[in-house]
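Geometric and topological summary
The residues making up each chain are set out below.
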Amino acid sequence: MKDERGLYYYPSMQTHDVRMYVRQGEEGGIEFRMWNKELPEVWERHEWIPLDVVRTAARLYAQRNKDRNPMGLYDEAIARRLLDEDS
């Protein structure tokens, strides 16, 4: 899907109040940025995050929180498909 902010998908099928935007960064990698209807300041305060940074943070998080999937919001396959379809 696409709107004025760019390409996005819904990281949770239970709600459409949160969107994960994706783009191709200057160096060619995938970047993510979250928008939340209930917390619009999230978009303003957080920049685009490269996939490699997301992966590194997820590994660190997983070491402390074994019962959660930190990559649940960041779907590389969906991001690639959106970017491919848009080009």
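In this report, the structure presented in the accompanying data block is examined. For clarity, every value in this text was computed on a predicted model and none was experimentally measured.

Attention now moves to the pattern of salt bridges. Taken as a whole and judged by the stated rule, the model has eight salt bridges. In this structure, Arg55 and Glu76 form a salt bridge, with 2.4 Å as the shortest nitrogen-oxygen distance. Residue Arg55 is found in helix 2 (residues 51–64), and its partner Glu76 is found in helix 3 (residues 76–86); the two are separated by 21 residues along the sequence. On the basis of relative accessible area, Arg55 is assigned to the partly exposed category, the value being 36%. Of the charged contacts in the structure, one is a salt bridge between Arg80 and Glu76, with a shortest N-O distance of 2.7 Å. Of this pair, Arg80 and Glu76 both sit in helix 3, four residues apart, which is roughly one turn of that helix. Judged by relative accessible area, Arg80 falls into the partly exposed class, the value being 44%.

Calculation rules
Residues numbered from 1 in each chain as written. Predicted model: local features only at pLDDT ≥ 70, side-chain atom pairs only at ≥ 80, totals over all residues. Heavy atoms only, no water. Salt bridge = Lys/Arg side-chain N within 4 Å of Asp/Glu carboxyl O. Helix = DSSP H or I, 4+ residues; strand = E, 2+ residues; numbered from the N terminus. Buried < 20%, exposed > 50% of the residue type's maximum accessible area, 1.4 Å probe, protein only.

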